[in-house]
Amino acid sequence: MSMIGKMTENILIPGPVSKVVISSLIEALSNDTGAGGHSVFIGQVRADNDGERRVQAILYSAYESMVKAEAEKIKKMIFEEYNDVKQIVILHSEGLVKAGEISLFVMVSSGHRHQAMQACARTVDLIKEMLPVWKKEIFDDNTHEWRENKQY
Amino acid sequence: MEINVLFFGVLAEVTKTGFKHYSGIKSFRDLMLRIQDEFPEIVHYNYRIALNNEIINEDPELKNSDEIAYMPPFAGG
């Protein structure tokens, strides 16, 4: 397994995805000279405002064993669809993530740039559709609301 | 049969538990009825059911120690 593979064996990480983790992954890319491009998606908690209240944080919960199984399926699908893809990294938060903090990090590496960019977008779509993760928006007036992704 | 049942997202809140252990289960139907009796409010929610990490579309055969999960629409990312 590659160094990045070892660093990202666990998909779910407690709390926000830290910038330290992200920069150490970027740092580790220098060992991976087979790739010519890396496409990155960073998802962060948006402070949505519905006119009366503002999102302060999101509380994520997950079905851990199934997240692991589904993430493997997603990676397999991507490797099958894009023959130039070398590596796929998925990190997703579990627990509390405040507005402005990072809750999802996806990085797809390929020999040439086009597949990295296309496969990264596709990976994010599959994450939204397939990963058993739930989010509860917590507002600044201490109310909360469960959200769901649209593709259901 | 002994079956473990997990509730996620809004259903963990509705059932006031994330986990229930059921004993003496005869079949999947039997389990569904036991759960509906105990938590009648879940019928108002949209959810899918997974058996041992796989989403099911029809009634499966259960084995002892199987894990069933009640999963509301996903909201990852």
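Up top is the structure.
Residues numbered from 1 in each chain as written. Chains lettered and ligands numbered in written order. Predicted model: local features only at pLDDT ≥ 70, side-chain atom pairs only at ≥ 80, totals over all residues.

### Observations regarding the overall build of chain A
For step 1, the next point in the chain: Assigned secondary structure in chain A consists of four helices and seven strands.
For step 2, the next point in the chain: In chain A, the succession of α and β elements from N to C terminus is α-β-α-β-β-α-β-β-α-β-β.
For step 3, the next point in the chain: A compact globule built from 152 residues should have a C-alpha radius of gyration of about 15 Å, and chain A, at 16 Å, falls within 12% of that.
For step 4, the next point in the chain: Looking at chain A as a whole, 34% of its 152 residues are labelled buried.
For step 5, the next point in the chain: At a minimum sequence separation of 6, the contacts of chain A that also span at least 24 residues come to 77%. (Helix = DSSP H or I, 4+ residues; strand = E, 2+ residues; numbered from the N terminus. Rg over C-alpha atoms; globule rule 2.2 N^0.38 Å. Buried ≥ 20, exposed ≤ 12 C-beta atoms within 10 Å, placed from the backbone. Contact = placed C-beta atoms within 7 Å.)

### Here's the deal with the sheet that holds strand E4 (residues 54–55) of chain B
Residues and elements named next belong to chain B.
For step 1, the next point in the chain: The five strands are arranged E2-E1-E5-E3-E4 in an open sheet whose pairing can be described as mixed. Among the strands making up the open sheet, the edge pair consists of strand E2 (19–22) and E4.
For step 2, the next point in the chain: Bridge analysis of strand E1 (residues 3–7) against strand E5 (residues 67–71) gives four bridges, and the strand direction is parallel. In the strand pairing of E5, Phe7 is matched with Tyr70. (Pairing = 2+ DSSP bridges.)

### A short note on the nonpolar core
For step 1, the next point in the chain: Counting residues in hydrophobic clusters, the biggest one holds 51 residues, and the most contacted among them are Val67(A), Val89(A), Ile90(A), Val106(A), Val108(A), Val133(A) and Phe8(B).
For step 2, the next point in the chain: Excluding anything up to four places from it in sequence, Val67(A) contacts Ile11(A), Leu12(A), Ala62(A), Leu131(A), Pro132(A) and Val133(A). (Core = buried A, V, L, I, M, F, W, Y, C linked by C-beta atoms within 7 Å.)

### Here's the deal with the interface of chain A and chain B
For step 1, the next point in the chain: With 21 residues of chain A at the interface, the matching set in chain B holds 14 residues.
For step 2, the next point in the chain: Mapped by element, the contributors of at least two residues to the side of chain A that touches chain B are helix H3 (64–81), helix H4 (113–130), strand E6 (133–139) and strand E7 (144–147) of chain A.

### Topic: the pairing of E6(A)
All names here are of chain A.
For step 1, the next point in the chain: Relative to E6, strand E3 (residues 55–62) is paired through seven bridges, and the arrangement is antiparallel. Across the sheet, residue Val55 finds its bridge partner in E6, namely Phe139.
For step 2, the next point in the chain: By the bridge criterion, four bridges tie E6 to E7 in an arrangement that is antiparallel. By the bridge assignment for E7, Lys135 is matched with Arg147.
For step 3, the next point in the chain: The hairpin formed by E6 and E7 contains four residues between the paired strands, and Asn142 there has a positive phi angle of roughly 70 degrees.

### Examining the environment of Ala47(A)
Residue and element names in this part refer to chain A.
For step 1, the next point in the chain: Relative to the assigned elements, Ala47 resides in the loop between strand E2 (37–44) and E3.
For step 2, the next point in the chain: Residue classification places Ala47 among the partly exposed positions, given that 14 C-beta atoms sit within 10 Å.
For step 3, the next point in the chain: Taking the C-alpha atoms as reference points, Ala47 and Asp140, separated by 93 residues in sequence, lie 10.0 Å from one another.
For step 4, the next point in the chain: Residues contacting Ala47, with those up to four places away along its chain left out, are Arg54, Val55 and Ala99.

### Looking at the environment of Ile90(A)
Residues and elements named next belong to chain A.
For step 1, the next point in the chain: Relative to the helices and strands, Ile90 resides in strand E4 (residues 85–98).
For step 2, the next point in the chain: With 23 C-beta atoms counted inside 10 Å, the residue Ile90 sits in the buried group.
For step 3, the next point in the chain: Once the C-alpha coordinates of Ile90 and Leu12 are considered, the two residues, 78 residues apart in sequence, prove to be 8.6 Å apart.

### Thoughts on H4(A)
All names here are of chain A.
For step 1, the next point in the chain: With 18 residues, H4 extends 25 Å from end C-alpha to end C-alpha; this agrees with the ideal 26 Å at 1.5 Å per step.
For step 2, the next point in the chain: Buried within H4 are the following residues: Gln115, Ala116, Ala119, Cys120, Thr123, Leu126, Ile127 and Met130. When H4 is viewed along its axis, its buried side chains cluster within an angular range of 135 degrees and face the same direction.
For step 3, the next point in the chain: Residues of H4 that are buried in the fold lie against E2, H3, E4 and strand E5 (102–110). (Expected span 1.5 Å × (residues − 1). Arc of directions from axis to C-beta.)

### Points about the packing of H3(A) against H4(A)
All names here are of chain A.
For step 1, the next point in the chain: Here H3 crosses H4 at 150 degrees, and the two axes come no closer than 10 Å. The orientation of H3 relative to H4 falls into the category roughly antiparallel. H3 and H4 meet at a crossing whose hand is right-handed. In this structure, H3 uses Glu70, Lys73, Ile74, Met77, Ile78 and Glu81 to contact H4, whose residues at the interface are Ala119, Arg122, Thr123, Leu126, Ile127 and Met130.
For step 2, the next point in the chain: Here the contact of H3 with H4 is composed, by residue class, of seven nonpolar, one polar and four charged. (Axes fitted to C-alpha atoms, helices over the stretch in contact; angles between N-to-C directions. Parallel < 35°, antiparallel > 145°, perpendicular 65-115°, else oblique. Left-handed = near helix turned anticlockwise from the far one by under 90°. Nonpolar A, V, L, I, M, F, W, Y, C, P; charged D, E, K, R; others polar.)

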